[in-house]
Amino acid sequence: MGTYNEEQAIGPVLADIDRVTDGRAEVVCVDGSDDRTPEIARKMGATVIEQEPQGYGVAVREAVLTPDRPVVVTTDCDDTYPMEMLPEFLERINEGYDVVSGDRISPGAAAMPTLNRYGNAAFALIASLLMGRRVHDTTTGMRAYRRELLHDIEWTENTGLSAELLVRPLMRDYRITEVPIPYRERAGETKLDPFRGGAEIAASIVTVCLEERLR
């Protein structure tokens, strides 16, 4: 996970991961915080890679490429995602899927701000139209990946990396499945400007889809 000033949520998130995985998960946080987030993460056993703040994608790209485990799971550190779903994600990987993507939108995402909910649904619709395949949530932060996939594809986006991490594998015929997940109200304040960030995500989706069409 990429972390940035999440001292309110990082402890509960790491505790949930530890509980659900019986302490067997290797947790990597790529951190650009100026609060106690990295200190708390280290005390709870996470590997912390400190990085100057350069945006969401730069941090998450480093986070997903660092572990040497065969399965890499991403999640946000704001306590919105259900760590109790991790066993199901891993089960789907064991069934043969290359990417298992958490779908917040189909179940309703009532805890998500209305503007964000409609925006995320719109991103998924744009991506679906451009790819010719229906997806429901392109911007979810909770996914499981086979490690080799993450190293086989060159990732280029920053704000739109979450969408890119789904779109490129889909358009390259990797086996992908979406799993509906509940979504909780976040702990702490969001760092993303919904209008500027939304425009950047939409532009990333169009760019990545066109690049893959022309590949």
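The model shown is predicted, which means the values in this text are computed figures rather than measured ones. (Residues numbered from 1 in each chain as written. Predicted model: local features only at pLDDT ≥ 70, side-chain atom pairs only at ≥ 80, totals over all residues. Heavy atoms only, no water.)

Points about the sheet that holds strand β7 (residues 176-180)
In spatial order, the strands read β4-β6-β5-β7; together these four strands make up an open sheet with mixed pairing. The outermost strands of the open sheet, each flanked by one partner alone, are β4 (71-74) and β7. Strand-to-strand twist of the sheet, defined as the mean angle between neighbouring strand axes without regard to direction, takes the value 20 degrees. Sheet topology note: the strand β5 (residues 99-103)/β7 ladder contains five bridges and is parallel. Paired with Ser101 across the strands is Glu178, a residue of β7. Helix α4 (residues 86-94) rests against β4, β5, β6 (143-146) and β7 of the sheet, and its axis sits at about 145 degrees to β5. Of the strands in this sheet, β5, β6 and β7 touch helix α7 (residues 161-171), which is tilted by about 45 degrees from β6. (Pairing = 2+ DSSP bridges. Helix = DSSP H or I, 4+ residues; strand = E, 2+ residues; numbered from the N terminus. Axes fitted to C-alpha atoms, helices over the stretch in contact; angles between N-to-C directions. Contact = heavy atoms within 4.5 Å.)

A closer look at the packing of helix α3 (residues 56-65) against α7
With their axes 9 Å apart at the nearest point, α3 and α7 run at an angle of 50 degrees to one another. The orientation of α3 with respect to α7, classified from their angle, is oblique. Here Tyr56, Gly57, Val60 and Arg61 of α3 lie close against α7, whose contacting residues are Leu161, Ser162 and Leu165. (Parallel < 35°, antiparallel > 145°, perpendicular 65-115°, else oblique.)

Here we look at the side chain of Ser33
Inspection of the secondary structure assignment puts Ser33 in the loop between β2 (28-31) and α2 (37-43). A polar contact is formed between the side chain of Ser33 and the backbone nitrogen of Asn5, at a distance of 2.6 Å. Engagement of the side chain of Ser33 in a polar contact is seen with the side chain of Asp31, the distance being 2.6 Å. Excluding its chain neighbours within four sequence positions, the residues that come into contact with Ser33 are Thr3, Tyr4, Asn5, Glu6 and Pro38. (Polar contact = N/O pair within 3.5 Å; in protein donor to acceptor, adjacent residues only side chain to side chain.)

As for the sheet that holds β2
Spatially, the three strands line up as an open sheet ordered β1-β2-β3, and their pairing is parallel. Every interior strand has two partners, whereas the edge strands, β1 (2-3) and β3 (47-50), have only one. Of the pairings in the sheet, the one linking β1 to β2 comprises two bridges and is parallel in character. By the bridge assignment for β2, Thr3 is matched with Asp31.

Details of the nonpolar core
One finds Met1, Ile10, Leu14, Cys29, Phe89 and Met142 to be the most contacted residues of the largest nonpolar core, which totals 29 residues. Elements that contribute at least two residues to this core include exactly α1 (10-20), α2 and α4. Broken down by element, this core gets its largest block of residues, five residues, from α1. Every residue in contact with Phe89, bar those within four places of it in the chain, is listed here: Val100, Ser101, Gly102, Met142, Arg143, Ala144, Val179 and Ile181. Counting residues in hydrophobic clusters, the runner-up holds 24 residues, among them Tyr145, Leu149, Ile153 and Leu166. (Core = buried A, V, L, I, M, F, W, Y, C linked by side-chain atoms within 4.5 Å. Buried < 20%, exposed > 50% of the residue type's maximum accessible area, 1.4 Å probe, protein only.)

Things to note about the pattern of salt bridges
Between side chains of opposite charge, a pair can form when the charged atoms approach closely. Following the criterion strictly, the structure yields 15 salt bridges and no others. The salt bridge involving Arg168 is made with Glu211; its shortest N-O contact spans 2.6 Å. Here Glu211 lies in helix α8 (residues 194-214) and Arg168 lies in helix α7, a separation of 43 residues in the sequence. The exposure class of Glu211 is partly exposed, given its relative accessible area of 38%. A single network of salt bridges, built from pairs that share partners, joins Glu164, Arg168, Arg172, Glu211 and Glu212. (Salt bridge = Lys/Arg side-chain N within 4 Å of Asp/Glu carboxyl O.)

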